[in-house]
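For reference, the chains in residue letters:
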Amino acid sequence: MEVPILKQGPYLIASVQSALTDADLLQLRDGLVEKVGRFRSRGVIVDVTALDVMDSFASRMLRDIAHMIRLRGAETVIVGFQPEVAFAMVQLGLTLEGVATALDLEEGLAFLDQKIKGNERGQGPRG
Amino acid sequence: MDKGRVGDETRVPIGSDVDILTARQRGRALASELGFPNSSLVLIATAISELARNIVLYAKRGEIVLGRIERDGHQGIQVTARDEGPGIPDVGLAMQSGYSTSGSLGLGLPGVRRLMDEFEIVSGAGKGTTVMAKKWKR
């Protein structure tokens, strides 16, 4: 099932609704990378609350998404890993190093707000 | 390793990414029927996903067989992944953490062993691969 990608101000929010095939994950990756340019988005949130399995492929796709979005000049945060899913991932050695995560959508939005303000400060005087 | 009683089995043919999803959903449903807690369902489904993924990656096609088992009054689930692909020349090496012949994909077998209670693998160059993994209800 295709993952809907919603534009919310400067951010894109992809809420995974059901189990995803590899093809769905590739489509999600390509959709986000394209839309970040089309909407000039500053951040991306991928909400995986509904996912009950995160295997090696899904994990690699999330990492690829985060790294590709960064190369496009935006930030990504993955939110909503369930406790059991986190446990299974650690057993498999899937630690998603270098990828930002947050507890839920609310925390993810707060993370991006802070991150983007920080980036803007770093770019010199404004206003 | 004890054999355990093998009851009725569910066979899921594996040949594409969609089959990986089907296999883990069937496995989850069976484990749920057997009364495994949610935390175990996630582990079992994740293990099935990796085993099915290995089949698609290395052998192109094969099957996942799911069955209920019983031993000493304990119930469990057995997951068998079977293919007639190229096989694993050095099983000992494949069971070492971090070993994978296809780069970043399929952290695979050592991880699956950690997710399940019992794990057995039979393979060899040109002989295909059979992995049997069990999880017992506590």
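These remarks concern the structure in this document. The numbers attached to residues start from 1 for each chain and follow its sequence in the written order. To label them, take the chains in the order written and letter them from A, then take the ligands in the order written and number them from 1. Only residues with pLDDT of 70 or above have their local features reported here, since the model is predicted, and side-chain atom pairs are shown and tallied only from 80 upward, although totals for entire chains, interfaces and linings are computed over all residues. The basis for every side-chain value is the complete set of heavy atoms in the structure, and neither hydrogens nor water enter the calculation.

**Digging into the overall build of chain A**
Then step 1. Numbered from the N terminus, helices here are DSSP runs of H or I no shorter than four residues, and strands are runs of E no shorter than two. When helices and strands are tallied, chain A shows 4 helices and 5 strands.
Then step 2. From first element to last, N terminus to C terminus, chain A shows the α and β order β-β-α-β-α-β-α-β-α.
Then step 3. By the compact-globule yardstick of 14 Å for 127 residues, chain A fits well, its C-alpha radius of gyration being 14 Å.
Then step 4. Seen through its C-alpha atoms, chain A measures out along the principal axes to roughly 50 × 25 × 25 Å.
Then step 5. Accessibility here uses a 1.4 Å probe with only protein chains present; expressed as a share of the type maximum, an area under 20% marks a residue as buried, one over 50% as exposed, and anything in between as partly exposed. Among the 127 residues that make up chain A, the fraction classed as buried is 46%.
Then step 6. A fraction of 71% describes how many contacts in chain A between residues 6 or more apart in sequence connect residues 24 or more apart.
Then step 7. For chain A, the accessible area works out to roughly 6400 Å², and carbon and sulfur atoms hold 51% of it. Just to be clear, the radius of gyration here is over C-alpha atoms, and the globule rule we use is 2.2 Å times residues to the power 0.38. Whether two residues are in contact is decided by their heavy atoms, any of which lying within 4.5 Å being enough. Per-residue accessibility takes into account occlusion by the displayed protein chains alone, with areas from the Shrake-Rupley method and a 1.4 Å probe.

**Focus: the pattern of salt bridges**
All names here are of chain A.
Then step 1. Note on definitions: salt bridges are taken to be side-chain nitrogens of Lys or Arg within 4 Å of carboxyl oxygens of Asp or Glu. As enumerated under the stated definition, the model contains 13 salt bridges over all chains in all.
Then step 2. Notably, a salt bridge pairs Arg 38 with Glu 34, separated by 3.0 Å at the nearest N-O pair. Note that Arg 38 and Glu 34 are positioned in helix α1 (residues 22-38) at a spacing of 4 residues, about one turn of the helix.

**Focus: the pairing of strand β3 (residues 43-47) of chain A**
Note on strand geometry: in a regular strand, side chains alternate between the two faces of the sheet.
All names here are of chain A.
Then step 1. For β3, a buried count of 5 out of 5 residues is recorded, marking the element as mostly surrounded by other parts of the structure.
Then step 2. Here β3 shows two buried faces, one formed by Gly 43, Ile 45 and Asp 47 and the other by Val 44 and Val 46.
Then step 3. In this structure, strand β2 (residues 11-15) lies alongside β3, joined through 5 bridges in parallel fashion. Among the inter-strand pairings, Ser 15 is bridged to a residue of β3, identified as Asp 47.
Then step 4. Whether a crossover is right-handed depends on one test, that the path from the first strand over the helix to the second runs clockwise when the strands point away from the viewer. You can see the chain leave β2, run along α1 and come back into β3, and the turn it takes is right-handed. Strands are labelled as partners when DSSP assigns at least two bridges between them.

**Side note on the interface of chain A and chain B**
Then step 1. Each side of the interface is counted separately: chain A has 21 residues, and chain B has 25 residues.
Then step 2. Accessible surface is computed with a 1.4 Å probe, and the buried area is the amount of it that two parts give up when combined, taken over both parts together. Three residues, Val53(A), Gln91(A) and Leu92(A), lead the burial of chain A against chain B; their summed loss comes to 29% of the area buried on that side.
Then step 3. There are 3 salt bridges connecting chain A and chain B.
Then step 4. One salt bridge in this structure joins Asp52(A) and Arg28(B), with 2.4 Å as the shortest N-O distance.
Then step 5. Distance and chemistry together define a polar contact, namely a pair of N or O atoms within 3.5 Å, with one atom able to donate a hydrogen and the other to accept it when in protein, and with adjacent residues in sequence counting only for side-chain atoms on both sides. Counting across the chain A and chain B interface gives 8 residue pairs in polar contact (both at pLDDT 80 or more).
Then step 6. Of all the secondary-structure elements, those providing two or more residues to the side of chain A that touches chain B are α1, α2 (56-71) and α3 (83-92) of chain A.
Then step 7. Per-element accounting of the side of chain A that touches chain B gives the leading share, 6 residues, to α3(A).

**Things to note about the nonpolar core**
Then step 1. Counting residues in each nonpolar core, the largest one holds 65 residues, and the members touching the most others are Leu32(A), Val46(A), Ile64(B) and Leu109(B).
Then step 2. In terms of residue count, the dominant contributor to this core is helix α2 (residues 38-59) of chain B (9 residues).
Then step 3. In contact with Leu109(B), not counting residues within four places along its chain, are Leu51(B), Asn54(B), Ile88(B), Ala94(B), Met95(B), Phe119(B), Ile121(B) and Val131(B).
Then step 4. Working definition of a nonpolar core: buried Ala, Val, Leu, Ile, Met, Phe, Trp, Tyr and Cys residues. They are joined through side-chain atoms within 4.5 Å. Val79(A), Ala102(A), Leu112(A) and Ile116(A) belong to the second-largest nonpolar core, a separate cluster that totals 8 residues.

**Here we look at the pairing of strand β2 (residues 62-71) of chain B**
Residues and elements named next belong to chain B.
Then step 1. As paired strands, β2 and strand β3 (residues 74-83) are joined by 10 bridges and run antiparallel to one another. Pairing of Arg 68 across the sheet is with Ile 77, part of β3.
Then step 2. Taking the residues that link successive antiparallel strands as the turn, the β2-β3 hairpin has 2 residues, and the phi of Asp 72 there is positive, at about 50 degrees.

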